[in-house]
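Architecture at a glance
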Amino acid sequence: MTRAISPTTSAIVLVVSVLAGAAGAPAQSMPDNENGRYVLSPIPDGVIRLDTRTGAVSTCSNTGTGWACYVVPDERAAYDAEIGRLQAENEKTKAENEKLKAELAAHPPTVVGKTDEALPKSDSLKKAEPKVAEGDRKIEIPLPSDRDMDRVMSFLEQAWRRLVEMANRMQKDVSGKI
């Protein structure tokens, strides 16, 4: 026994199937939520998708050929990477500092002042380097030697004599012309 379908029933079935197909098309082209994994928020160009498992944020838009999602750059990841790099560099610098401290401790200490006595007499014209007091870390400037003072005095005497001689010559020239 076959039953004939009435035209009204077939029209209703057709309308329901068309509506179901039209309603199903946008749902299929939108990104799926995978049982609550993604949270979608509408924006003017599409939607923002938050992955609740990884925390990644993507912008999704309909490009005409279908929906496409692009990951939004995460500044926090860049900051975390930079912090990690700086921490590694800091640890490396600390290790190098400790190594240099150990090398410095291995060298015998130098005695300030003992090197001056070991110099030969021919080096007496060389200027002494400023000494550093060990406790206060102040620079001590050595006074000029007697020999240095004699050279300065000799230069000043010679310059004074030349000045006096020049003044005497000028006085004679002026008095001779008048």
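Our structure's up above, just so we're on the same page.
The present account deals with the structure reproduced in this document. Remember, it's a predicted structure, so these values are computed and weren't measured experimentally.

Some words on the pairing of strand β1 (residues 38-43)
Pairing geometry for β1 and strand β2 (residues 46-51), over six bridges, is antiparallel. Note on β2: the bridge partner recorded for serine 41 is isoleucine 48.

Brief notes about the packing of aromatic side chains
Each pair of aromatic rings is reported with the distance of its centres and the angle of its planes. Under the criterion given, the structure shown has zero aromatic pairs. A cation over a ring is seen here: arginine 49 above tyrosine 38, with NZ or CZ 4.3 Å from the ring centre.

Remarks on the side chain of arginine 37
With respect to the helices, strands and loops of the structure, arginine 37 is situated in the loop between α1 (7-29) and β1. Within polar-contact distance, the side chain of arginine 37 engages the side chain of aspartate 51 at 2.8 Å. In contact with arginine 37, other than residues within four places in its own chain, are Leu50, Asp51, Thr52, Arg53 and Thr54.

With respect to the environment of valine 71
When you line up the elements, valine 71 lands in strand β4 (residues 67-71). In this structure, the C-alpha to C-alpha distance between valine 71 and alanine 56, residues 15 residues apart in sequence, is 7.1 Å.

Digging into the state of the cysteines
Inspection of every chain in the model, using the stated rule, returns one disulfide. Cysteine 60 shares a disulfide with cysteine 69; S-S distance 2.0 Å. Of note, the bridge from cysteine 60 to cysteine 69 carries an S-S torsion of about 110° and is right-handed in sense. Looking at cysteine 60, the relative accessible area reads 2%, which means it is buried.

So, the pairing of β4
The pairing of strand β3 (residues 57-62) with β4 spans five bridges and is antiparallel. Its bridge partner being in β4, asparagine 62 is matched across the sheet by tryptophan 67. In textbook terms, the turn of a hairpin is the stretch between consecutive antiparallel strands, and for β3 and β4 this stretch comprises four residues, one of which, glycine 64, has a positive phi near 100°.

Here is what the cut-offs are and how they apply
- Residues numbered from 1 in each chain as written.
- Predicted model: local features only at pLDDT ≥ 70, side-chain atom pairs only at ≥ 80, totals over all residues.
- Heavy atoms only, no water.
- Pairing = 2+ DSSP bridges.
- Helix = DSSP H or I, 4+ residues; strand = E, 2+ residues; numbered from the N terminus.
- Phe/Tyr/Trp six-rings, centres within 6.5 Å; stacked < 30°, edge-to-face > 60°.
- Lys NZ or Arg CZ within 6 Å of the ring centre and 35° of its normal.
- Polar contact = N/O pair within 3.5 Å; in protein donor to acceptor, adjacent residues only side chain to side chain.
- Contact = heavy atoms within 4.5 Å.
- Disulfide = S-S within 2.5 Å.
- Buried < 20%, exposed > 50% of the residue type's maximum accessible area, 1.4 Å probe, protein only.

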